[in-house]
Structure formats: structure tokens, C-alpha cells
Amino acid sequence: MSYHPQPVDTSLIELDPEIMELTEVLARNTHDVWARQRMAEGWRHGRARDDAKKHHPSLVPYADLPESEKEYDRQTALQTLKVIVAMGYRISKA
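Counting restarts for each chain: residues are numbered from 1 in the order of the written sequence. At least 70 in pLDDT is required for a residue's local features to be given in this predicted model, at least 80 for side-chain atom pairs to be given and counted, and no such filter applies to totals for whole chains, interfaces and linings, which use all residues. By convention in this description, side-chain values take in all heavy atoms of the structure and omit both hydrogens and water.

A. Quick peek at the pattern of salt bridges. In what follows, salt bridge is the name for a side-chain nitrogen of Lys or Arg lying within 4 Å of a carboxyl oxygen of Asp or Glu. Using the criterion set out here, one finds four salt bridges in the structure. A salt bridge links Arg74 to Glu24; its shortest N-O distance comes to 2.6 Å. On the criterion of sequence distance, the pair formed by Arg74 in helix α3 (residues 67-86) and Glu24 in helix α2 (residues 22-40) is long-range, its members being 50 residues apart. Note on Glu24: relative accessible area 27%, which makes it partly exposed. Between Arg49 and Asp51 there is a salt bridge; the shortest N-O distance is 2.7 Å. Accessibility here uses a 1.4 Å probe with only protein chains present; expressed as a share of the type maximum, an area under 20% marks a residue as buried, one over 50% as exposed, and anything in between as partly exposed. On the accessibility criterion, Arg49 (48% relative accessible area) is partly exposed. Here the salt bridges share partners, and the residues they tie into one network are Glu24, Glu67, Glu71 and Arg74. Numbering of helices and strands starts at the N terminus; helices are DSSP runs of H or I of at least 4 residues and strands are runs of E of at least 2.

This is the structure in C-alpha cells:
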């Protein structure tokens, strides 16, 4: 099997500054949703990832994550916002 990812092209999408502020909120929420799911599955914090023991070093509050992990969540959030706009939806604060 040969897999060729084809995400929605968001290269021309520019988000308003107000919408860009959502990126950090969504990144934090993405991490919290992931962490809650892992914990519900019996995972807990550990210095190194160990699938057999269900230990993961990223099971910490978002603020305590390394910058590289935060950036991964930010990019996920940013691309999600851009795809929403690319698909023709509008995002506005009520």
C-alpha cells in the first residue's frame, strides 16, 4: 500500500488576528482532550514513554509541555482553523 497524504491546501488562507488568538486556546484544549482520553485508558505520567506500562511524558499540563510539543498542538489548531475557512465557513465571535 502506498499512502500519499493530501491535506486541504491552506497556503493562501490568512486568518484575522482575532481568529488567530483562538489558536492557543484550541491547542491547549487539544492537549487536554488527548490527555483526558489517555488517562481514561489508564495512562499516567512517566519520564519516558512506555506503552506496556502506559506511561507518557506528555501527561502534564499544557503549560509544562516542551515548546516543541506545544508547537505541534498549535499547528494542529491553526490548520484546523484554516481548513474551516478554506471550506467556505466563517468564524466570528458572537
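Text resumes after the structure shown.
B. Expanded view of a nonpolar patch on the surface. Residues enter a patch when their relative accessible area is above 30% and they make no salt bridge; the linking distance is 9 Å between like charges and 5 Å between nonpolar side chains (Val, Leu, Ile, Met, Phe, Trp, Tyr). Note that accessible areas follow from Shrake-Rupley with a 1.4 Å probe, and for residues the cover is restricted to the protein chains shown. Together, Val8, Ile84, Met87 and Tyr89 line one region of the surface with nonpolar side chains, adding up to about 390 Å² of accessible area. Along the chain, the position of Tyr89 falls in the segment after α3.

C. Quick look at α2. In this analysis, the expected span of each helix is defined as 1.5 Å times one less than the number of residues it contains. Helix length check: α2, at 19 residues, gives a terminal C-alpha distance of 27 Å against a target of 27 Å (1.5 Å per residue), a fit within 8%. Turning to α2, its buried residues number three or more, namely Thr23, Ala27, His31, Ala35 and Arg38. Buried residues along α2 cover an arc of 105° about the axis, so they all sit on one side. Exposed and facing more than 90 degrees away from the buried side of α2 are Val25, Arg36 and Ala40. Contacts between residues were defined by any pair of non-hydrogen atoms, one from each residue, lying within 4.5 Å. The inward-facing, buried residues of α2 abut α1 (17-20), β2 (55-56) and α3. Count one or two residues on from α2 and you reach Gly42, which has phi positive near 95°. The arc refers to the directions leading from the helix axis to the C-beta atoms.

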